[in-house]
Structure formats: structure tokens, C-alpha cells
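So you can see what is in the structure, the chains are spelled out below.
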Amino acid sequence: MDVTAYVALLDNLDSPDGAVFARLEAELPDHVRRERALPARLERARAVVYHFAGDEPTIRTWRLTGATVAALVEGSAPAAPTLRLLRSLAPKHGWAYLDGVRGLSALVERCLGADPAAWAYVQKRLAAYPGTLPGLVESASWGADEPGAAQRPVVRLPATPRAVTAEFRQLLLMLSADTLAALVPHLHRSTVFDLARFGAPLSPATLAWLVATETPKRRTVLAKARWSRPGLAAALVDLGDTEVNAALYLNAHTSVAVRARIMAAAAEVPLHPSVVARVCGSPERGMRLPALWSGDPLLVRAALLRNTHTTSSVQARMRAWQQGGVEALTQHYALPEPTEDHRPSVFKPPRYRSLLLTAVARLWARHGRDEARRLVDELPLWPGNARYFADLFAADDGLTRLTADVAARTGTKALVKRLRRSSSARLWPLLETPYADWAVIGRAERARPLSSAAWTLLSGMPGCPRREVSEGLHDNGAAQVDAGRWPATREVAAPREWVAGSYLVAEPARRGEPLPAEHLFEAMTPASRALNTFGCLTELIGPPAHRASGAGDEGEPGVPAPGVLMLRYRAHLQSLVERNLGASTDARVVAMRLLPDFPGTTEELLATAGTIARTDVELPAAAGA
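As the structure is a computational prediction, the values presented were derived from the model and not from experiment.

Describing the overall build of the chain
Here is step 1: Tallying secondary structure elements over the chain gives 35 helices and 6 strands in all.
Here is step 2: Counting the 625 residues in the chain, one finds 53% classified as buried.
Here is step 3: Pairs at least 24 apart in sequence give 69% of the contacts found in the chain among residues at least 6 apart.
Here is step 4: In the form shown here, the chain has an accessible surface area of approximately 28,100 Å², with 53% of it arising from carbon and sulfur atoms.

So, in C-alpha cells, the structure goes:
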């Protein structure tokens, strides 16, 4: 028995005096009675939707489904509070959010597109619009209701009101990259800044213009952004500003490819002291390993520092190296005894040989042959590598040969080979190749598609194009999503649900189409599945606000602005109940007893229950009693 569906239908069939529940109470399972008796179930909105997916549920899963989000988009109002609720769900339920808003995204693309007049209409009315989101978008598509609005050209939209800045941005993030590029010239500068900060797919030219014309303080805000794309970070790095580079490097969400670019430019753009302090004091690999590109003796050794066989902090160990070299640093380690085949060291060479060559080459170029030889002498190298470096140091053209060897071992083709491996590491490929030729990546993808894990790595590089995939799920349930929509997630795994004794990949919500109330109750089978979605949505948004305020239908003055009302779904279900069951308590009891095993739609369930009640057919007790 689906408890959520059962309780949702019981809530909508029962009378104020509880006559239906009183008739069924003796035959209901204990977990249904417990769920029904929870006093807080409809008294507060929940940040997480729970539902039973198995035949014999014991606990409730935390996953939010795309169908529930699609139902929320299609049937809840007012528009602005609905968007706020969606935004609060998105960070923890990325797949459900992106799956559920695909219908709304298609509607926004079709009805609003790059039309500045339509967007001005939405911007002006979003804060106080009492209806649903699809209603607002569709009303904007046929123009504002003011005379002559279609003929009045809109050169530039004004700044978005502070009360709906996040909500208006949320709608803009649903546009495709091409449509957004056509609309950007008509947007206010603050709106474009907001879009860049939250990961909109803006063009490189737009990002370069934005960062070049912003104040230093606002550039720092962009550098510290949580959801921005790597393309924005690349545009900021191109400015060559030490303060901005420091904010970017210390941002926990900055890609290691961008950090490697900052380190590679350390000779031209000096590193900020805070960056040096973090690299020499942080145990995080993502902070220390990009320093292999720096060409600085201290930072390169901080990147190669071994973190095992010691209890001292990274900061204390690097201070010891600065004061007494390797001998003083060794005192902070309890290294095992050396053997004939293994010589333990306080430094650990990088996983890829090409990165070792890069570190030595850049150190040689900045500080000379002797400093590079000193680094090599301190590393535990295999005899072949030791002979290779000895030959280079003895040759007059050693640095030229080493640079050519690094170029031959790295590049986009080498990156593709790394990504095709079954277990490519998260950091190393982007450290080895922080710059990529996307034409080569495109040819490799057409020849033999890369995995979703590979595209997840590539999405951390500036300029990564959107992956073109067919409709459906790929790679054992991994679904490609558009990173431009909130949240700016590059890859989101599709959830699996416990159905009929096994885990199945969750089915997308109508393949991106809207989920109107008519489909939910008149086309979705079985009825328990549709009512499960309805029950999850009821729990998600809390009690209907109009019951407390005395307001009624959509658009009435009594509807409170902060509340989110389930208008269409609740009204449509009530109309089906009144048409098929009327006020008969017997018919409602029959519908409840039919629900657990009924294979048809909710409308067919109610119609069958009404017919049975009129013919006085006896039914067995509810399943699970």
C-alpha cells in the first residue's frame, strides 16, 4: 500500500467530522493510522518531500521526484513564492528540479524568447502576480495588456526590483545560450552581473566586457561567486589582477584548471601573499597541486610534499624546509627504513610524469639550471628518470629539449586519452592540460562518445561546450543537464527508486512536457502513483493558505502573497470527486478500499467507486489491514 497516496486521497474525501476515516479506521494498517494522526503533517511546509515507493515501506525516502516539481510548477501560485520554493529545493535535489522545470523552460523559450517587451512585462508583474508561473509566461507572450505595448520598442530593461531579483534571474537562467545572448543587450547591467555571478551561459565576449568595465570591488564579488562558470574565471584571470587572482584561487569552488592558469602566469602576475600562505599551509590537494606550474621553489615543494608518516602541519614542515632544507624537513617524518628497491622521501612525485617534467621545466626557466637540479636531487626518482634529467642538465640545450618533451606529452589529445580511461582521477587530467582545443574534443566525441564522468571533468575547464546528448538516460542512470539553470550543476545523477522489489532509474517527468492537473488525474496510471505525487506536493507546500485567510480561487484579493497555493490540482481533484461521488460517504469509502490495487487512473477510480456504491456491491477490507 502506498501510504502517501492513501492518506492524500483520504484527506480529500473525508468530511469535516471524519466520517470516512471512522468507517475505515478498524481495517487500516498501523502505519497508515500513524501517518494520519501526525498533527504537524499539514501544519508546516517541509523542505524535503518523502514518499513510499515500495510495496511494504518501512522508512520514507528523501528523494524529490521530477514529477512532483513539475506538478508544483504547473499548479501552484502565486508565481514569485513558487519560484522561491523551487530555488530552495534546487541545491539538494538537482535532478528533480532540472527534470521538473523542463516544461517551464520550454514554455519560457517559446513564449518569451529574446523579446525584451515580453520580459519587461514579466519583470513588472512578477512580484504581485497571483496566478501560476505558466499563466504569467503565457500572458506575457501575447504582449502586455496596455494599449500599444507591442509597438513600443524596449531598448533596455530597467533594473529588477530587489524583492524579485532572484526570481527574475531564475527565469532568465532557463533560456538557452543563443536566446540569452540575443537578450543580453537589452538587459540592465546589474542583471547581466547577476547572471554571470550565478552561472548563466554568457558568451566570452560578454564576460570579457563585464569584467573589464566593473569596479575592483565587484570583480572580487564575481571571483568569490559560488555558482559561476569557469568561463567567468578565465575572463577574470585574463585581467592580470593580483587581488582578483587571489580571490579566485582561494575560492573553494574554482576549478583546478583555473588555478593552474593562475600559477602558470605567476611570472607576469605576482601571486598575492594570501595565495602563497594557503598553498604552504593547506593540506588540500586542490590548493597545493596547481603550484606545480608556478616555477617557484617553495610552492613546487609544497605541491610535492608528502602527507603521510607525519603528524606535523603543512605550514610547520614548509617552515622547516625554508630554515634547514631537506635535512630539517626529514625530522618531521617517521619514514620507514629504505630498501634496495625503495627509498622513502619527504617528497612525492606527481602521478603523471608529464607534470613532473612541467614542474622542472618551469622552475628551470624562472630560477635557472641549479635550482632545477636541486629539486630533482631531492625527489625519489626511478633510475631511468634520474638519468634522463642528468643528460638534460649536462646539455647546453637541455631546457629546450625538456620544453619540447613536455609539449609532446601533453595537449588535448593526451587529455582525451586520460578521459577514456575507466577510472580517470578528478584533479590530475585538468592539472596536466589546463587549456583544451575544443575542436579536438568535438572530433573525439563524434568518433567515440566520452563518458558522463569525462564530461564532468571537462565542464571544469573554461570554454567547455554543452554536451549534445539524445533524450533519455545514459551511463547507468547519469543524466546530462544544462549547467546554465539553477543550480549550476554540470552533471546530476538520476535517482533510483525502489519499485516492486528492485531499484529502477527514475522516469523523467513526461520528457520535459508540462504536467497539468488533467494529465495527473486522468492519464497517469495507476491511481496510487498520481495520488502519491499529489500527496508529496501537499506535504511540500504545507496547508492551503486560503483556508486560513478566507480567500478562495486564483486571483481573489484575499490570497496572501507569501503563501504558495495548490490551485489547479486541488480544485481539479475536488471537481472529479463531486462529479463521481457526490456527498455519499459510502462511495468515498468504496474509493478508499479500491485504491491500493486499482490499475487505472484517478478519474476511473472515482467513477468505478461511484458506480459500485450505487449498485450496492460489497467490497473486501482495504489491502494490508
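So, the packing of helix α33 (residues 567-580) against helix α35 (residues 602-615)
Here is step 1: Running from N to C, α33 and α35 point in directions that differ by 25°, and their axes come no closer than 9 Å. Comparing their axes, α35 and α33 come out roughly parallel. Between α33 and α35 lies a crossing of right-handed hand. Listed contacts from α35 to Leu-573, Leu-576, Val-577, Arg-579 and Asn-580 of α33 are Thr-602, Glu-603, Leu-606, Ala-607, Gly-610 and Arg-614.
Here is step 2: Here the residues of the contact of α33 with α35 are counted per class, giving 5 nonpolar, 3 polar and 3 charged.

Digging into the packing of aromatic side chains
Here is step 1: On inspection of all chains with the given rule, the structure shows 7 aromatic pairs.
Here is step 2: A ring pair is formed by Tyr-352 and Trp-428, whose centres lie 6.1 Å apart and whose planes are at 55°; its orientation type is tilted. Separated by 76 residues along the polypeptide, Tyr-352 in the loop between α21 (314-330) and α22 (353-367) and Trp-428 in helix α27 (residues 428-432) bring together distant segments of the chain.
Here is step 3: The buried category is assigned to Trp-428, whose relative accessible area is 7%.
Here is step 4: On the basis of an interplanar angle of 55° and a centroid distance of 5.2 Å, the ring pair of Trp-364 and Phe-393 is categorised as tilted. Of this pair, Trp-364 sits in helix α22 while Phe-393 sits in helix α24 (residues 383-394), placing them 29 residues apart in sequence.
Here is step 5: Residue classification places Trp-364 among the buried positions, given a relative accessible area of 7%.

Focus: unusual backbone geometry
Here is step 1: Following Ala-77, the chain continues to Pro-78 via a peptide bond in cis, the omega torsion being -5°.
Here is step 2: Inspection of the secondary structure puts Pro-78 in the loop between β1 (76-77) and α5 (79-89).
Here is step 3: Omega for the peptide link from Thr-525 to Pro-526 comes to -10°, which places this bond in the cis form.
Here is step 4: For Pro-526, the location among the structural elements is in the loop between α30 (517-522) and α31 (527-541).
Here is step 5: Look at His-309: it is not a glycine, yet its phi comes out positive at around 60°.
Here is step 6: If you trace the backbone, His-309 turns up in the loop between α20 (297-304) and α21.
Here is step 7: Under the relative-accessibility criterion, His-309 is labelled partly exposed at 40%.

Considering helix α13 (residues 204-213)
Here is step 1: Of the positions making up α13, those classed as buried are Thr-206, Leu-207, Leu-210 and Val-211. Down the axis of α13, the smallest arc covering the buried residues is 120°, so these residues share one side. The exposed residues of α13 that point more than 90 degrees off its buried face are Pro-204 and Ala-205.
Here is step 2: Each element contacted by the buried residues of α13 is listed here: α12 (189-197), α14 (216-223) and α15 (230-237).

With respect to the confidence of the model for the chain
Here is step 1: Predicted confidence across the chain gives a mean pLDDT of 83, with 80% of residues reaching 70 or more.
Here is step 2: When mean pLDDT is compared element by element in the chain, helix α16 (residues 242-250) scores highest at 97, while helix α32 (residues 545-549) scores lowest at 39.
Here is step 3: Confidence drops under pLDDT 50 across residues 39-62; counting only partners more than four residues distant or on other chains, this segment forms 64 contacts.
Here is step 4: Segment residues 545-562 is flagged for pLDDT under 50; beyond a separation of four residues in sequence, or across chains, it makes 24 contacts in the model.

Brief notes about the nonpolar core
Here is step 1: Of all hydrophobic cores here, the largest spans 172 residues; its most connected members are Trp-119, Leu-202, Met-263, Val-360, Phe-389 and Tyr-569.
Here is step 2: Per element, the largest residue contribution to this core is 8 residues, and it comes from α22.
Here is step 3: If near-sequence neighbours (up to four positions away) are discounted, Met-263 is found in contact with Tyr-249, Leu-271, Val-275, Val-279, Pro-290, Ala-291, Trp-293, Ser-294 and Leu-299.

A closer look at the packing of α14 against α16
Here is step 1: The geometry of α14 relative to α16 is characterised by a closest axis approach of 8 Å and an angle of 20° between their N-to-C directions. Regarding the angle of α14 to α16, the classification is roughly parallel. When you trace α14 past α16, the crossing you get is right-handed. Residues Arg-219, Thr-220 and Ala-223 of α14 form the contact with α16, whose own contacting residues are Val-244, Ala-247 and Leu-248.
Here is step 2: Here the residues of the contact of α14 with α16 are counted per class, giving 4 nonpolar, 1 polar and 1 charged.

Quick word on the pattern of salt bridges
Here is step 1: Per the counting criterion, the structure on display carries 18 salt bridges.
Here is step 2: Of the charged contacts in the structure, one is a salt bridge between Arg-593 and Glu-27, with a shortest N-O distance of 3.0 Å. With Arg-593 in helix α34 (residues 585-594) and Glu-27 in the loop between α2 (19-24) and α3 (30-37), this pair connects stretches of sequence that are 566 residues apart.
Here is step 3: Arg-593 sits in the partly exposed class, given a relative accessible area of 23%.
Here is step 4: By relative accessible area, Glu-27 is classed as buried at 12%.
Here is step 5: Salt-bridge contacts for Arg-301 lead to Glu-371; the nearest nitrogen and oxygen are separated by 3.8 Å. Of this pair, Arg-301 sits in helix α20 while Glu-371 sits in helix α23 (residues 369-378), and the two are 70 residues apart along the sequence.
Here is step 6: Salt bridges here are not isolated pairs; linked through shared partners, they connect Arg-301, Glu-371, Arg-374 and Glu-378.

The rules we used
- Residues numbered from 1 in each chain as written.
- Predicted model: local features only at pLDDT ≥ 70, side-chain atom pairs only at ≥ 80, totals over all residues.
- Heavy atoms only, no water.
- Helix = DSSP H or I, 4+ residues; strand = E, 2+ residues; numbered from the N terminus.
- Buried < 20%, exposed > 50% of the residue type's maximum accessible area, 1.4 Å probe, protein only.
- Contact = heavy atoms within 4.5 Å.
- Areas by Shrake-Rupley, 256 points an atom, 1.4 Å probe, with all protein chains shown as cover.
- Axes fitted to C-alpha atoms, helices over the stretch in contact; angles between N-to-C directions.
- Parallel < 35°, antiparallel > 145°, perpendicular 65-115°, else oblique.
- Left-handed = near helix turned anticlockwise from the far one by under 90°.
- Nonpolar A, V, L, I, M, F, W, Y, C, P; charged D, E, K, R; others polar.
- Phe/Tyr/Trp six-rings, centres within 6.5 Å; stacked < 30°, edge-to-face > 60°.
- Arc of directions from axis to C-beta.
- pLDDT = per-residue confidence, 0-100.
- Core = buried A, V, L, I, M, F, W, Y, C linked by side-chain atoms within 4.5 Å.
- Salt bridge = Lys/Arg side-chain N within 4 Å of Asp/Glu carboxyl O.

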